[in-house]
Amino acid sequence: MAYHDDTVGERQAGNGILSRRFFLRGVGASIATASVGVAAARSESMMAPGGPMTDDGSPSPFEAHVVRSPISSAAGTTGAGVSRTPLQHLTGLITPSRLHFERHHSGIPAIDPGQHRLAVHGLVSRPSAFSVESLDRYPMVSRIQFLECSGNSGACTAPNPVPGTAASLHGLVSTSEWIGVPLAVLLDEVGIDDAARWVVAEGADAAVMSRSIPLDKALDDAIVALYQNGERLRPGNGYPMRLFLPGWEGNASVKWLRSLDVTDRPAMTKDETSKYTDLRDDGLAEQFTFPMGVKSLITSPSPGLSLEGPGVYAVSGIAWSGAGRITRVEVSADGGRSWGEAELIGEALPLCSTPFRVAWSWDGGEATLLSRAYDESGAVQPSRSAALAGRGPGSFYHYNGIQAWRIDAAGEASNVYV
Ligand SMILES: Nc1nc2c(c(=O)[nH]1)N[C@H]1C(S)=C(S)[C@@H](COP(=O)(O)O)O[C@H]1N2
Ligand SMILES: [Mo]
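What you see is a predicted model; the values in this text were computed from it and never measured.

The next thing to look at is the overall build of the protein. The secondary structure content of the protein amounts to 7 helices and 26 strands. Taken over the C-alpha trace, the protein has a radius of gyration of 23 Å; the compact-globule value for 418 residues is 22 Å, and the two agree within 12%. Counting only C-alpha atoms, the protein reaches 75 × 65 × 40 Å along its principal axes. Counting every position in the protein, which comprises 418 residues, the buried fraction comes to 50%. Contacts spanning at least 24 positions in sequence make up 72% of the contacts within the protein whose residues lie at least 6 apart.

Taken in spatial order, the 5 strands line up as 21-20-24-25-26 in an open sheet, and their pairing is antiparallel. Each edge of the open sheet is held by one strand with a lone partner, namely strand 21 (340-341) and strand 26 (413-416). The pairing of strand 20 (residues 326-332) with strand 21 spans 2 bridges and is classified as antiparallel. When the bridges of strand 21 are listed, Val-331 appears paired with Gly-340.

A separate point is the domain arrangement of the protein. The domains assigned to the protein are domain 1 (117-279) and domain 2 (295-416). Summing both sides of the interface, domain 1 and domain 2 together bury roughly 2,300 Å²; the carbon and sulfur share of this comes to 59%. Counting the surface domain 1 buries against domain 2, the share from its top three residues, Phe-146, Thr-157 and Leu-279, is 22%. With a shortest N-O distance of 2.7 Å, Glu-148 and Lys-295 are connected by a salt bridge. There are 13 residue pairs in polar contact (both at pLDDT 80 or more) connecting domain 1 and domain 2. When residues of the side of domain 1 that touches domain 2 are traced back to their parent elements, those giving at least two are strand 8 (141-148), helix 4 (166-170), strand 9 (173-182) and strand 16 (278-279). Counting residues per element, the side of domain 1 that touches domain 2 draws most heavily on strand 8, which supplies 4 residues. Its residues placed into classes, the side of domain 1 that touches domain 2 shows 13 nonpolar, 13 polar and 5 charged.

Time to look at the pairing of strand 7 (residues 128-131). Taken together, the 4 bridges between strand 6 (residues 117-122) and strand 7 define a ladder with antiparallel strand orientation. Each residue of the ladder has a partner; that of Ala-119, found in strand 7, is Ala-129. From the end of strand 6 to the start of strand 7, which pair antiparallel, there are 5 residues.

Here we come to the state of the cysteines. Going through the model one piece at a time under the given rule, you end up with 0 disulfides. In this structure Cys-352 is not part of a disulfide, and its nearest cysteine sulfur, from Cys-149, lies 19 Å away.

Turning next to the packing of aromatic side chains. Under the counting rule described, the total for this entry stands at 10 aromatic pairs. Geometrically, the ring pair formed by Trp-178 and Phe-244 is stacked, given 5.2 Å between the ring centres and 25 degrees between the ring planes. Separated by 66 residues along the polypeptide, Trp-178 in strand 9 and Phe-244 in strand 14 (residues 242-244) bring together distant segments of the chain. Here Trp-178 matches Phe-244 in class, with each residue buried. Linked through ring pairs, Trp-198, Trp-248, Phe-288 and Phe-290 together constitute an aromatic cluster. The ring of Phe-23 carries the charged tip of Arg-357 above its face, separated from the ring centre by 4.1 Å.

Around ligand 1 sit 21 residues in total, of which Phe-101, His-105, Asp-205, Arg-242 and Lys-255 are the nearest. Measuring from a nitrogen atom of ligand 1, one finds a side-chain N or O atom of Asp-205 at 2.7 Å. With respect to ligand 1, the side chain of Arg-242 contributes an N or O atom lying 2.7 Å from an oxygen atom. A per-element tally of the shell around ligand 1 places strand 5 (residues 102-104) first, with 3 residues. In terms of residue class, the shell around ligand 1 is built from 7 nonpolar, 9 polar and 5 charged.

What follows covers the pattern of salt bridges. What the rule picks out here adds up to 17 salt bridges. With a shortest N-O distance of 2.9 Å, Arg-211 and Glu-249 are connected by a salt bridge. Note that Arg-211 is positioned in strand 11 (residues 210-214) and Glu-249 in the loop between strand 14 and strand 15 (257-263), a separation of 38 residues in sequence. The same class applies to Arg-211 as to Glu-249, namely buried.

This part takes up helix 5 (residues 183-190). Among the residues of helix 5, Leu-183, Leu-186, Leu-187 and Val-190 are the ones counted as buried. Angular distribution of buried residues about the axis of helix 5 spans 100 degrees; they occupy a single face of the element. In the stretch just after helix 5, Gly-191 is the one whose phi turns positive, near 75 degrees.

A word on the side chain of Asn-251. For Asn-251, the position within the fold is in the loop between strand 14 and strand 15. Asn-251 sits in the buried class, given a relative accessible area of 8%. Only 3.4 Å separates the side chain of Asn-251 from the side chain of Tyr-276, close enough to count as a polar contact. With near-sequence residues (within four places) excluded, Asn-251 lies in contact with His-105, Met-209, Arg-211, Asp-271 and Tyr-276.

Quick look at unusual backbone geometry now. The amide bond that connects Ser-69 to the next residue, Pro-70, takes the cis arrangement and shows omega of -5 degrees. As for its position among the elements, Pro-70 is in the loop between helix 2 (38-41) and strand 3 (71-73). Here the residue pair Ser-300 and Pro-301 is connected by a cis peptide bond, since its omega of -5 degrees sits within 30 degrees of zero. Here Pro-301 shows up in the loop between strand 18 (295-300) and strand 19 (311-320). Positive phi is not limited to glycine here, since Ser-153 has a value of about 70 degrees.

The rules behind each value
- Residues numbered from 1 in each chain as written.
- Chains lettered and ligands numbered in written order.
- Predicted model: local features only at pLDDT ≥ 70, side-chain atom pairs only at ≥ 80, totals over all residues.
- Heavy atoms only, no water.
- Helix = DSSP H or I, 4+ residues; strand = E, 2+ residues; numbered from the N terminus.
- Rg over C-alpha atoms; globule rule 2.2 N^0.38 Å.
- Buried < 20%, exposed > 50% of the residue type's maximum accessible area, 1.4 Å probe, protein only.
- Contact = heavy atoms within 4.5 Å.
- Pairing = 2+ DSSP bridges.
- Domains from an automatic or database assignment.
- Buried area = accessible area lost by both parts, 1.4 Å probe.
- Salt bridge = Lys/Arg side-chain N within 4 Å of Asp/Glu carboxyl O.
- Polar contact = N/O pair within 3.5 Å; in protein donor to acceptor, adjacent residues only side chain to side chain.
- Nonpolar A, V, L, I, M, F, W, Y, C, P; charged D, E, K, R; others polar.
- Disulfide = S-S within 2.5 Å.
- Phe/Tyr/Trp six-rings, centres within 6.5 Å; stacked < 30°, edge-to-face > 60°.
- Lys NZ or Arg CZ within 6 Å of the ring centre and 35° of its normal.
- Near = heavy atom within 4 Å.
- Arc of directions from axis to C-beta.

Right under this line is the structure:
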């Protein structure tokens, strides 16, 4: 049956990208329900009382597939690896805590919050040890901000496209409301010396993850986070306290934080020399490359979510940047030959994932969907080739190139390079 397309007047870019206002006018919804009689479609009421209440809310059994996946850990270890946020099944900017990605270098330590202390020492006047309880008495701030592993999307640096999903390729980014004590408040409390330039943060896990943080960042917007989405941090996300460095590579947000050593120079730990440095094609490596680049991802349609025949669809996803607010997202359905502007959902918050959406009229033919984000610093998400330019062999951190999903005639999406 030929697809009758009555959206031609709504086009803003090639291969069916419709006007940014299309959904706002309510036309999209009428397409979905047009031929269904409302009375016939109404669901029956239950004839018996419903189930009991639970003390720990779980999702509907019909949503049982929405879990962190895939999980991969190094052979022979207890949890040294990653679990990924199922981005293709989520909508909105907050990641439910149970689905926040996790990255551990030596599993999840079991920490008794009553025993745990954060030592702040080094170039300070009053070295101090803070318990969880004592930190709860300091001023706190809330930050709704993303956390992204610098290894996220690294699979897209491979010479040939790796089959995968939004989660398996890009699921090392999540967004939470983080509440905690500004690091500036704690540093003021202990009194830092004039010679102070860096703060070396150390975790209580067996990996003793340690990163040197420039003092400017520590005094600017860094926090010692105690709460995540309204409850205590989850064990995998740093319970009972973690460093949270807005917009910076996840690695530097040291979990299970037990020590902050104020110094006049970086400590050159294993986590900032052998790892988390970026080899260039001239043989030199860049170090302390903290901010995450501007990036976006179409989460629907995406691999595993197939289209059920020609028609109007919402192309939706998220965009984020370590440099501030997202100002614009563009979507292409023709592999980047033409671009249309997507609608940003809600107010774009700084250093926070920003949902976007645009209407797309799929004619049932092959299409290649791309999204491209812009941020308030003026940065634009680069093409894959631009994102790879200048990199040395094996360099895969901080990859923020444009993702392309090929849609085939059966409506299945797959990872491709354009
Ligand atoms: N102590 C400690 N902190 C850590 C890590 C770790 O293994 N140990 N992993 C780091 C890395 S590589 C990332 S990307 C983030 C992940 O935070 P999440 O697991 O809460 O998502 O934590 C960072 N902080
Ligand atoms: Mo990471």
